[in-house]
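# Breakdown of the fold
For reference, the chains in residue letters:
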Amino acid sequence: LYDLLYGAKENRQQSGTLNLLTIHGIGATYPDYSAGLQRRLTKGLGLTRVVKKQKKISILAKEDSSPLGELRVTRYLDASGNFQLLFHELTWSVITRPYKEILNRDLNNREAQLRAGANQALKAFVDDHLVDPTLYQGKEHEAILESASQGMCWMLHHDWETLPDEIAGRCRRAFSKDILNNFDRHPNQKFAIITHSLGSQIVLDMLDRDLAAKQEWIKDTYQGHDRDSLMKVSGLLSEQMLHVYMFANQLVLLQLGAQPPEHTGKLEKFCNAGAENYDERFLKKLSIIAFSDPNDLLSYGIPVDFADHFIDSRLCPEITNIYVNVAPVINLLGMGRITSPMAAHNNYESDQRVIGLITHGIGNNQVSPAVSDGCQWMETVEE
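The paragraphs below set out a description of the structure included in this document. As the structure is a computational prediction, the values presented were derived from the model and not from experiment.

Procedures and definitions
Residues numbered from 1 in each chain as written. Predicted model: local features only at pLDDT ≥ 70, side-chain atom pairs only at ≥ 80, totals over all residues. Heavy atoms only, no water. Helix = DSSP H or I, 4+ residues; strand = E, 2+ residues; numbered from the N terminus. Buried < 20%, exposed > 50% of the residue type's maximum accessible area, 1.4 Å probe, protein only. Contact = heavy atoms within 4.5 Å. Core = buried A, V, L, I, M, F, W, Y, C linked by side-chain atoms within 4.5 Å. 1 Å grid on protein atoms, 1.4 Å probe; cavity = no way out; pocket = protein on both sides within 12 Å on 5 of 7 lines; lining within 4 Å. Points joined across faces, edges and corners; volume = space filled by probe spheres on them. Nonpolar A, V, L, I, M, F, W, Y, C, P; charged D, E, K, R; others polar. Disulfide = S-S within 2.5 Å.

Bringing the overall build of the protein into the picture now. Looking only at helices and strands, the protein has 16 helices and 12 strands in total. The burial tally for the protein puts 50% of its 383 residues in the buried class. Looking at the protein alone, contacts between residues at least 24 apart form 74% of all its contacts between residues at least 6 apart.

Okay, the nonpolar core next. Membership of the largest hydrophobic core comes to 54 residues, with the highest contact counts inside it found for Ile23, Met152, Leu207, Leu242 and Leu286. The element contributing the most residues to this core is helix 7 (residues 141–157), with 9 residues. Setting aside chain neighbours within four positions, we find Leu286 in contact with Leu204, Leu207, Leu242, Val244, Leu315, Cys316, Pro317 and Glu318. Membership of the second largest hydrophobic core comes to 30 residues, among which are Leu4, Leu5, Leu20 and Ala248.

By volume, the second largest pocket is sized at about 350 Å³. For the second largest pocket, the lining is made up of 21 residues, of which His24, Gly25, Tyr33, His196 and Glu349 are closest to its centre. Looking at which element gives the most residues to the lining of the second largest pocket, the answer is strand 7 (residues 190–196), with 3 residues. Classifying every residue of the lining of the second largest pocket gives 8 nonpolar, 11 polar and 2 charged.

The tally for this structure, following the rule as stated, stands at 2 disulfides. The residue that forms a disulfide with Cys153 is Cys171, at a sulfur-sulfur distance of 2.0 Å. The chirality of the disulfide connecting Cys153 with Cys171 is left-handed, given an S-S dihedral of about -65°. Here Cys153 is found in helix 7, whereas its partner Cys171 is found in the loop between strand 6 (166–169) and helix 8 (176–185), with 18 residues between them in sequence. Relative accessible area serves as the criterion here: at 3%, Cys153 is assigned to the buried category. Cys271 shares a disulfide with Cys316; S-S distance 2.1 Å. Torsion about the S-S bond of the Cys271 and Cys316 cystine: about -100°, corresponding to left-handed handedness. One end of the pair, Cys271, is in the loop between helix 12 (267–270) and strand 9 (285–292); the other, Cys316, is in the loop between helix 13 (306–310) and strand 10 (317–323), with 45 residues separating them in the sequence.

Listed below in structure tokens is the structure:
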């Protein structure tokens, strides 16, 4: 993220904007859930100032209808005021909360009084966490996907000045000129996403859906879409590198039985300069950095051929796996080594090595001490 914000060392900028979107995963989540993550990232990036007032957007399914989530945007600045991080925190859990309230009755009825304490805690964990992937794969799939899409739309279409202070409404994806105006005002801006758990699949599905829709709008030019503006936006996005940092990703699990995208296994066709369909790519590169604790029961390392089968080649994906024990491993009374599965699933954002890898990477001369002392890495090369 440091290079995204300030520019690579050989090409340092005079100013820059980094737009960062967070998409949470399973479990009870409420606005400001990312406060700790924001504090650690901004410290690592050398950002010492924060605008007092947050921008708050209540995302609606339709105008004057039920909410799909909340987007809170916080602005951070360096000491000079020339570099800024716009941190967009999306909370979509309002969609699944009513279903969890139904299950919560099982924690307070007569049967619950007969349940052992540890089993009661596990029951609460199951009721709170298994609802989300079930509903995402079923009834509330489109609602959750639309919530994420709206978060991305607000980030692309608006800068800090044009974002409303507080509103209940929707971002108009069809207004492509807003994106062009945003890039005109901030030509050095970059984009990144941090996801947790189920959020990993949500962001891939959202990118597939929204970028493909833009291509269809360009082709068909319907519903009042400005084709020239769409073409320019498509050109801008095709030169963007989108970095997605995934904590506890569940891509391997959630792709079981899913219908793969239309264009897979065709990176050479879309992503190599001068290739046959190079102009049809969605992004210059989708860089996926997947953090997994081997003791996290709800996370999976991403196989090297995963993108060839399950990610649209027009996104030009590149995957990096990072395995890190974010939860301590202890000896249990001589019976063996064990760690808390819940800690292994949730402690990514509080691990100094994870934060150091996100902010300063590895294999360069600005690696954080936590990473240089606590990590080993192996570079993947072509034959």
